[in-house]
Amino acid sequence: MSTQKRKFLYQPAPLSSIICWSWTLIIFFVGIIIWLEITHFQWITLFFLAFFCLVSWAEIRFRTVSIDQGVMSISRLINPKSLVVNVSEVKRVSMSKHQIGFIAQGKIYHLIMPANSVIELNELITNN
C-alpha cells in the first residue's frame, strides 16, 4: 500500500470529452470570426482568446484523480464536490491502453488518461 499521495490528470468518457472540447473550440472560433470581420485589433478579440486559454487550462488542470491512503477522489471541472470513495469500494475495473473504467457508488465511470497513468492507477486500485 502506497502512503504517498498520487495525482493523475484525466478527461471524461469519450463522448463527454468530445462535447466539452467542442464547446471550448466554439469560443476560439467565435474569437477568430470576430477578428476576421473587424480586420483590426479589438479588445473583444483579445477577450475571446484569453477566455479560450482560461477554459482550456481549467479543463486540463481541474480534472484530477488523486489517491491518498486508500481513498480515491475524482475532481470535476464544474461540480465543486468531488467524488470521494474508498478504493476497496471500487468494483469491476477494466482498462484499455488509454482508458480505465470502474464502478463506484453504483455509477459507471470511464476516464481517459495517458497509458502509464492507466497502468499505475489500475495497480493502486487492485493492490488495495
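Given the structure is predicted, the values throughout are model-derived calculations rather than measurements.

### Structural notes on the packing of aromatic side chains
1) Next: Counted by the stated rule, this structure contains six aromatic pairs.
2) Next: Centre to centre, the rings of F47 and F48 are 5.6 Å apart; their planes meet at 70°, and the pair counts as edge-to-face.
3) Next: Aromatic side chains W57 and F62 sit 5.3 Å apart centroid to centroid with 75° between the ring planes, which places their arrangement in the edge-to-face category.
4) Next: Its relative accessible area of 47% is what places W57 among the partly exposed residues.
5) Next: An aromatic cluster is defined as three or more aromatic residues linked by ring pairs; in this entry it consists of F28, F29 and F52.

### Re a nonpolar patch on the surface
1) Next: Taken together, the side chains of I44, F47, F51, L54, W57 and F62 present a nonpolar region at the surface, about 610 Å² in accessible area.
2) Next: If you trace the backbone, I44 turns up in helix α2 (residues 43-61).
3) Next: Residue I44 is classed as partly exposed on the basis of its relative accessible area, which comes to 39%.

### Describing the nonpolar core
1) Next: The biggest cluster of nonpolar side chains holds 20 residues, and the ones touching the most others in it are V65, M72, I74, F102, L111, M113 and L121.
2) Next: Of all the elements in the fold, those that place two or more residues in this core are β2 (64-68), β3 (71-74), β4 (83-86), β6 (99-104), β7 (107-112) and α3 (115-127).
3) Next: Among the elements that take part in this core, α3 stands out by supplying four residues, more than any other.
4) Next: The residues touching V65, leaving out its near neighbours within four places in the chain, are R6, K7, F8, Y10, M72, S73, I74, L111, M113 and L121.
5) Next: Within the second largest apolar cluster, five residues are counted, among which are I27, I34, F48 and V55.

### What to know about the sheet that holds β2
1) Next: The strand order β1-β2-β3-β4 describes an open sheet built from four strands, whose pairing is antiparallel. Whereas interior strands pair on both sides, the edge strands pair on one side only; in this sheet they are β1 (6-9) and β4. Ignoring which end each strand starts from, the neighbouring axes of this sheet average 15° apart.
2) Next: One ladder, built from four bridges, connects β1 with β2; its direction is antiparallel.

### As for the sheet that holds strand β5 (residues 91-95)
1) Next: The strand order β5-β6-β7 describes an open sheet built from three strands, whose pairing is antiparallel. For this open sheet the edge positions go to β5 and β7, each flanked by a neighbour on one side alone. Adjacent strand axes in the sheet meet at a mean angle of 15° when their direction is disregarded.
2) Next: Across six bridges, the pairing between β6 and β7 is antiparallel. Bridging from a neighbouring strand, A104 pairs with K107 of β7.
3) Next: In the packing of α3 onto the sheet, contacts are made with β5 and β6, and the angle to β5 comes to roughly 160°.

### Concerning unusual backbone geometry
Across residues other than glycine, the phi torsion is negative in most instances, and most of the peptide bonds are trans.
1) Next: Here R92, not a glycine, exhibits a phi torsion of approximately 50°, which is positive.
2) Next: Mapped onto the secondary structure, R92 falls in strand β5.
3) Next: The class for R92 is exposed, based on a relative accessible area of 70%.
4) Next: Its identity as a non-glycine residue notwithstanding, Q105 has a phi of 55°, on the positive side.

Thresholds, definitions, all that
Residues numbered from 1 in each chain as written. Predicted model: local features only at pLDDT ≥ 70, side-chain atom pairs only at ≥ 80, totals over all residues. Heavy atoms only, no water. Phe/Tyr/Trp six-rings, centres within 6.5 Å; stacked < 30°, edge-to-face > 60°. Buried < 20%, exposed > 50% of the residue type's maximum accessible area, 1.4 Å probe, protein only. Patch = residues over 30% accessible without salt bridge, like charges linked within 9 Å, V, L, I, M, F, W, Y side chains within 5 Å. Areas by Shrake-Rupley, 256 points an atom, 1.4 Å probe, with all protein chains shown as cover. Salt bridge = Lys/Arg side-chain N within 4 Å of Asp/Glu carboxyl O. Helix = DSSP H or I, 4+ residues; strand = E, 2+ residues; numbered from the N terminus. Core = buried A, V, L, I, M, F, W, Y, C linked by side-chain atoms within 4.5 Å. Contact = heavy atoms within 4.5 Å. Pairing = 2+ DSSP bridges. Axes fitted to C-alpha atoms, helices over the stretch in contact; angles between N-to-C directions.

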